[in-house]
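# Tertiary structure, described
Chain by chain, the residues:
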Amino acid sequence: MTTIIGIDPGSRHTGYGVIKLTEQQSVYVTSGCIHLDNEQKLPERLQKIFSGLQEIIGLHQPIEAAIEQVFMHENPGSALKLGQARGAAIVALTIPVAEYSARQVKQAVVGYGAAKKDQVQQMVMRLLNITEKLQADAADALAIALCHAHSRLAIHQVGLVGKNSQRRKRSSWRDYRP
C-alpha cells in the first residue's frame, strides 16, 4: 500500500490531502488546510506552511508527494507569493515530489481540463466516497494526489516501471513515447 500526499500551495491557505493506494482503489485518509494569518509577515507564513506539512508528513508517513505547478496570475506579486509558498511546501517534503499543472489535475480527476472548481470538488468526493463537503483547498489537494495516483498507475500499466527497472522521469503518462 502506497501513501500519497497532495499539496495545493497558497499564501493564505495551503491545502493538503492524504490518500492510500491499494491495488484496486484510492482510499481517503485525511485532508485539511493550513490557514495563514495575513497579518503575519511572509517569512512567518512560510514557516507555518513548512512546520504544518512536516507535522502531517510525520503523522501519516507518505512515501510520495504531488504538488500543483505555479501558474501565472494577472498580478505578478501574487504569483511570486504563491511560488514562495510552493517552495516552502517542497522543502518540507523529504520524499519524491511530482508536479502537475491545474489542467492535468482537472483532466485526470474530472476528464475535462477546463473543469470548474465545484466539479473537481464533487468528483473528488465521489471518487473517495466522502459524504461531507470538503473545503475547496483540501479538495484541490486531494485532486492533486488522485492525479498522481492515476498517472502513477498508468505508468505501471504501460510497463515503464517494473520491479527490476528504473522509473523514467516523466511529469505525466501523456509524455510517454514508445
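All chains use their own residue numbering, which begins from 1 and follows the written sequence. Residue-level local features of this predicted model are given only where pLDDT is at least 70; pairs of side-chain atoms are given and counted only at 80 or more, and the full residue set underlies all totals for whole chains, interfaces and linings. Heavy atoms from the whole structure form the basis of all side-chain values; hydrogens and water molecules are not counted.

### Notes on the overall build of the protein chain
Rules: Numbering of helices and strands starts at the N terminus; helices are DSSP runs of H or I of at least 4 residues and strands are runs of E of at least 2. Relative accessibility under 20% of the residue-type maximum defines a buried residue, over 50% an exposed one, and the middle range a partly exposed one, all with a 1.4 Å probe and only protein chains included. We call two residues contacting when some pair of their heavy atoms lies within 4.5 Å. Accessibility throughout is a Shrake-Rupley quantity obtained with a 1.4 Å probe, and a residue counts as covered only by protein chains that appear here.
Scanning the protein chain from terminus to terminus reveals 5 helices and 5 strands. Across the protein chain, helices and strands are ordered from the amino to the carboxyl terminus as β-β-β-α-β-α-β-α-α-α. Within the protein chain, buried positions represent 44% of all 178 residues. Pairs at least 24 residues apart make up 55% of the contacts formed inside the protein chain by residues separated by at least 6 positions. When the accessible area of the protein chain is evaluated, it comes to approximately 10,100 Å², of which 50% is carbon and sulfur surface.

### Points about the pattern of salt bridges
As a reminder of what qualifies: The rule for a salt bridge is simple: a side-chain nitrogen of Lys or Arg has to be within 4 Å of a carboxyl oxygen of Asp or Glu.
Applying the stated criterion across every chain yields a total of 2 salt bridges. Arginine 86 is the salt-bridge partner of glutamate 99, the closest N and O atoms lying 2.6 Å from each other. Linking glutamate 99 in strand β5 (residues 97–100) with arginine 86 in helix α2 (residues 76–92), this pair joins segments that are 13 residues apart in sequence. Taking the relative accessible area as the measure of exposure, glutamate 99 reaches 35% and is therefore partly exposed.

### Some remarks on the sheet that holds β5
So the rule is basically this: Pairing between two strands is assigned when DSSP locates at least 2 bridges connecting them. As a rule, the C-alpha atoms of each element are fitted with a line to give its axis, helices using only the stretch in contact, and angles between N-to-C directions run from 0 to 180 degrees.
Across the sheet, 5 strands lie side by side as β3-β2-β1-β4-β5; this open sheet has mixed pairing. The sheet is open, and its two borders are formed by β3 (26–35) and β5, each paired with just one other strand. Pairs of neighbouring strands in the sheet enclose a mean axial angle of 20 degrees, with direction left out of account. Across 7 bridges, strand β1 (residues 2–8) lies against strand β2 (residues 13–21) in antiparallel orientation. Residue pairing across strands places glycine 6 opposite glycine 17, the latter belonging to β2.

By themselves, these figures tell us nothing about what the structure is for.
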